[in-house]
Each structure stands twice: as C-alpha cells, then as structure tokens.
Amino acid sequence: MVTIGDIARAAGVSRSTASYALSGKRSISAEVRQRVADAARELGYTPNAGARALATAETMVLGLLAQFHEDEFAPAMLQYMLGVSDTARELGYDTLLVTETDGARALRRITSSRMVDGVVLLNVAQDDARLPLLRSAPQPGALVGLPGDCSGVDVFDLDFEAAGRLMVDHMHQLRHRELILVSQPEHVVERGGAYVWRLQNAVVQQARARGIELHAVFGESRQPEVGRTLHALLDAHPAATGLLLNNEAAAAALPSVLHARGLRTPRDLSVIGRYSDEFARTFSLPFTSIESAPDLLGEMAVRQLVRRIVTPQARDEPHVLRLLTPEFVDRGSTGVPSAPPSTS
C-alpha cells in the first residue's frame, strides 16, 4: 500500500510537504505541488478515508437511505437513486447506500458513528419514523419526497396536486367526460406514501369540478397482475375515453394491453402518465406524460445538502421546501374523443 512517505521520497520532498501538497492545507509552490501530484499518480496513491476523517472530521461520503419495496416499481426507484449518486460523485462525494428495513436504526448507526457527512432520504412517508432522528443528528439531511412535517430538513418533491389538476384540465379541454385513474398499489398508501393520495385527491376534486365522471383505482406494481387490471378496467368502463396513470408499472404494461385489444392512442383512448422522460425512453412509451424529474430532484437534494456541509453559514439558514411545477410532455397520445358526448 502506497503511503505519504513513498510519495515524499519519489517527489524529493518531506512527508509534511507531500501531505500539505495533497491536502491543500498550506500554500505550496505550483512546481512542488505538481511533482507531488505526479508522484502520487505514478505510484497509484489512494488517500486513506479513515485517516482523512480523523484529521478533518469529514468522510466525503453521503448516506442514501432507500428501499426497493415489492409494491413499488423498482426501475422507477432506481432513477431517484441515480440522481443522488451521480450528483454526489460530481461534487466529490461517495454514496453509502443503506437499504435496511429498519430505516430509523440504520440512520442512527450511520450518523452517530460519523460514517457520513450528510443524509438523503428516499421512500419518504407521511409520518416518517426516520425524521426525528435526522433532525437531531449532527449531520444535515435532505429529503426527496414530502412528509407531513417538513421542519428541520430540506425537502424536494414534485407538486403532485398540480400534476393531478393538469392531467384533468388537459382532458377537459379536449372534451373528455369519463376518465380512469390508475394509482400506485394501495399498500403504498397504507404505509404513508402521500404522493399517491396527493395526486389522486387532486384528480378526484378537479374531475368533480369539471363535471367529469372518474373511476379511480389502485393498480399493482408488476406484470402480469397490472396488465390484467388494465384489461378489466377497460372492460368495465367502455365509455371511458381517457386513462390517467400514476403507476409506472401500468404505464410499462399498457402498450401490450392496447395492442392485444386492437386499440390506438389517441384514436380510441387518450392517455397521460406520470413518469420521467428517461423512463419513457427505457420502456419505449409513446404516451404523453407529466415529467416526474427524479434525476433533477436527486440533484437538487444533494446540492443543497453539500452546500450545508461545506458552507458554515448555511447550517443556520432556514430550511428549503421546493415543489417542482409539473412539466407537460406531449407525445401525441391525447386528442378529442372520436365520438364526443352531446353537450346540449
């Protein structure tokens, strides 16, 4: 294992000079700094993270607490995780992914042992058991997801209420009078997944205000169950001319369902989903959507977290609550119903 002493000998300087040149703690001439850097590169030197943590109280590691729940679509969750880890890497931080079922215990372990400089929480619940611990931790925390109580942490999420209203208003402008909404599995709601009912409640209220008949159901998170649910819904509501999807698994299954039934969008059915553009490309989805922006939300959470870590005055600034305005991505899957009902 290459040490600072090896670097110093190769560069022809003292151990202290080599250490200062690598850490930037003291002013070293450009020529000496370059010699030390060249020697470190040639010898394949990797700084000891434990030693750095002892010397500076910094680990250059961010904790990411996330879980792959069976009732959520794993590819969608992965996009949020990549948004966090990619931005952390850009800013010079490693990411410690923690997926323990007992998130509160895991959070206590990594913060009390100073394993990380800050923490990002995913899978945020309405009454999240991790939040009291995070608020009392010595490290700052940021959330991707809106809890019931946002105090003491920075929070970033999509404005799901606005997204629901946007879906309904777009269909209303096209003169749709009967819609189906497929949400995430009901288990997600039961454990506090507020984003599900935030969008669902907004859709229900806006549909009522616009005089639209709405059939709101919970879908599954995997095939073939979600495909069977879509078939059953289209059989049960043949007069419905529009389909709203707050369920990535349902969106991924829909092309095969439409093909099997000989239906085309928007000629036979108008469709609006809620997912990211990257998700649409991955699954070749041709449906108009509300951009869920997982990469942007992860980036925003990490940048704010790192700002609080590296800027002393930022530690005492008011915490941020940022809800992204929904972006409508038109892929041509909505239109005027082929036989619009009479309004007379």
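Residues numbered from 1 in each chain as written. Predicted model: local features only at pLDDT ≥ 70, side-chain atom pairs only at ≥ 80, totals over all residues. Heavy atoms only, no water.

Enquirer: Account for the nonpolar core, naming residues and giving values.
Expert: In terms of nonpolar packing, the biggest core is built from 42 residues, with Leu62, Leu122 and Leu244 touching the most fellow members. Sorting the residues of this core by element identifies β1 (61-65), α5 (74-90), β4 (141-144), β5 (154-158), α8 (160-173), β6 (178-183), α10 (194-209) and α14 (294-310) as the ones contributing at least two each. In terms of residue count, the dominant contributor to this core is α14 (seven residues). Apart from the residues lying within four places of it in its own chain, the contact partners of Leu122 are Leu64, Leu65, Ala66, Met77, Tyr80, Met81, Arg130 and Val144. Listed in part, the 24 residues of the second largest apolar core include Val226, Leu230, Ala240 and Phe287. (Core = buried A, V, L, I, M, F, W, Y, C linked by side-chain atoms within 4.5 Å. Buried < 20%, exposed > 50% of the residue type's maximum accessible area, 1.4 Å probe, protein only. Helix = DSSP H or I, 4+ residues; strand = E, 2+ residues; numbered from the N terminus. Contact = heavy atoms within 4.5 Å.)

Enquirer: Can you lay out the packing of α8 against α10 for me, pointing to particular residues and giving the numbers?
Expert: Taken N-terminus to C-terminus, the directions of α8 and α10 make an angle of 35 degrees; their axes are 7 Å apart at the nearest point. Crossing hand, α8 versus α10: right-handed. Along the contact surface, α8 presents Phe160, Glu161, Ala163, Gly164, Arg165, Met167, Val168 and Asp169, while α10 presents Tyr195, Arg198, Leu199, Ala202, Val203, Gln206 and Ala207. Considering only residue class, the contact of α8 with α10 consists of nine nonpolar, two polar and four charged. (Axes fitted to C-alpha atoms, helices over the stretch in contact; angles between N-to-C directions. Left-handed = near helix turned anticlockwise from the far one by under 90°. Nonpolar A, V, L, I, M, F, W, Y, C, P; charged D, E, K, R; others polar.)

Enquirer: Explain the packing of α5 against α14 to me, using residue names and the numbers behind them.
Expert: Two elements in contact, α5 and α14, have axes whose closest approach is 7 Å; the angle formed by their N-to-C orientations is 40 degrees. In terms of orientation, α5 lies oblique with respect to α14. Taken as a pair, α5 and α14 cross one another with a handedness that is right-handed. For the pair α5 and α14, the contacting residues are Gln79, Tyr80, Gly83, Val84, Thr87, Ala88 and Glu90 in the first and Pro294, Asp295, Leu297, Gly298, Glu299, Val302 and Arg303 in the second. For the contact of α5 with α14, the class distribution of residues is six nonpolar, four polar and four charged. (Parallel < 35°, antiparallel > 145°, perpendicular 65-115°, else oblique.)

Enquirer: Provide a residue-level description of the pairing of β5, including the pertinent values.
Expert: Each regular strand displays side chains that alternate between the two surfaces of the sheet. Here β5 lies mainly inside the structure; five of its five residues are buried. What you see with β5 is no split at all: Asp154, Phe156 and Leu158 on one side and Val155 and Asp157 on the other are buried throughout. With three bridges connecting them, β4 and β5 associate as parallel partners. Bridge pairing in β5 links Leu143 to Val155. Examined bridge by bridge, β5 and strand β11 (residues 321-324) share four bridges and lie parallel to one another. (Pairing = 2+ DSSP bridges.)

Enquirer: Go over the packing of aromatic side chains with me, naming the residues and quoting the values.
Expert: For the structure on display, the rule yields three aromatic pairs. With a centroid separation of 5.6 Å and an interplanar angle of 50 degrees, the aromatic rings of Phe160 and Tyr195 are classed as tilted. Separated by 35 residues along the polypeptide, Phe160 in helix α8 and Tyr195 in helix α10 bring together distant segments of the chain. Here Phe160 and Tyr195 have matching classes, each one buried. Judged by centre distance (5.6 Å) and plane angle (40 degrees), the ring pair of Tyr275 and Phe279 falls under tilted. Comparing Tyr275 with Phe279 shows no difference in burial state: the two are buried. Among the aromatic side chains, those forming a connected cluster through ring pairs are Tyr275, Phe279 and Phe283. (Phe/Tyr/Trp six-rings, centres within 6.5 Å; stacked < 30°, edge-to-face > 60°.)

Keep in mind that these numbers describe shape and distance, not what the molecule does.
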